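Given next are the chains, with one letter for each unit.
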Amino acid sequence: MHARDNALARRLVHFHQGAARVLDMTVRELLIDTHPHIPPLFALEGLTPTDAERRIAGAPHSIAEIVRHIAFWQAWFLRRCNGQAEPAAETAALGWPAVAPQSWPDISTDFRDGLERLVGFSEDRALDVPVAPALELPLLARYTLYDAIVHVAHHNAHHLGEIVVLRQISGLWPPASGSWTW
Ligand code: NI
């Protein structure tokens, strides 16, 4: 399962503290065809608007709100990777846009399309170049394009895990195509 003959992976050579390392995980594997956790689109499979927009007691956000949130940030990171000098949302709350009733189909489609846009972005360029202009947050200022995509993958994975638990609590798990047992 190593992608050592993958032309994209071969371009992902970083020089970090003097040592070269090759990152073999493709962007599609990071974002869509994930191996460490159930693929995102499987985790969202079969949710109706009512299911996705329901607030579970004790949980701060509905599934639809969570997906709207991760779609918001992945779209922003893609714009930054494309060189748009758009500052990050000034408060965390701005990264949780309101969800209109019955908008779940649009939200899930937007999330899926955003994943594909990031993969498409990654396929015809070297990723071991800095995000330019650099991200304003000091901790993120050294990011390469690949780092930004990994950041999105981690953020999505964190919230997708929450969605799995919300579905389990709601009796909406596993999805029709099955879950993972390990
Ligand atoms: Ni978040």
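Please refer to the structure higher up on the page.
Computed from a predicted structure; not experimentally measured.

Analysis parameters
Residues numbered from 1 in each chain as written. Predicted model: local features only at pLDDT ≥ 70, side-chain atom pairs only at ≥ 80, totals over all residues. Helix = DSSP H or I, 4+ residues; strand = E, 2+ residues; numbered from the N terminus. Expected span 1.5 Å × (residues − 1). Buried ≥ 20, exposed ≤ 12 C-beta atoms within 10 Å, placed from the backbone. Contact = placed C-beta atoms within 7 Å. Axes fitted to C-alpha atoms, helices over the stretch in contact; angles between N-to-C directions. Parallel < 35°, antiparallel > 145°, perpendicular 65-115°, else oblique. Left-handed = near helix turned anticlockwise from the far one by under 90°. Nonpolar A, V, L, I, M, F, W, Y, C, P; charged D, E, K, R; others polar.

Draft legend 1. Broad picture of helix α7 (residues 145–169). The end-to-end C-alpha distance of α7, which contains 25 residues, comes to 37 Å, matching closely the 36 Å that a straight helix rising 1.5 Å per residue would cover. Within α7, the full set of buried residues consists of L145, Y146, A148, I149, V152, A153, N156, L160, I163, V164, L166 and R167. Taken together, the buried residues of α7 touch α2 (27–31), α3 (40–43), α5 (63–81) and α6 (104–122). In the segment just after α7, G171 is the residue with positive phi, at about 70°.

Draft legend 2. A look at the packing of α5 against α6. The contact between α5 and α6 brings their axes to 9 Å, and the two run at 30°. In terms of orientation, α5 lies roughly parallel with respect to α6. Of the two elements, α5 crosses α6, and the hand of that crossing is left-handed. On α6, the residues that touch A64, V67, R68, I70, A71, Q74, A75, L78 and C81 of α5 are W104, I107, S108, D110, F111, G114, R117, L118 and F121.

Draft legend 3. Molecular detail of the packing of α5 against α7. Contact geometry of α5 with α7 gives a least axis separation of 10 Å together with a crossing angle of 175°. Judged by the angle between their axes, α5 and α7 are roughly antiparallel. Where α5 approaches α7, its residues I63, I66, H69, I70, W73, Q74, F77, R80 and C81 are matched on the opposing element by L145, A148, H151, V152, H155, N156, H159, E162, I163 and L166. When its residues are assigned to classes, the contact of α5 with α7 shows eleven nonpolar, six polar and two charged.

Draft legend 4. The environment of L145, seen in detail. Its place among the elements puts L145 in helix α7. Using a count of 24 C-beta atoms within 10 Å as the deciding quantity, one classes L145 as buried. It is 6.0 Å that separates the C-alpha atoms of L145 and C81, two residues lying 64 residues apart in sequence. For L145, the contacting residues outside a window of four places in its chain are C81, L127, V129 and V131.

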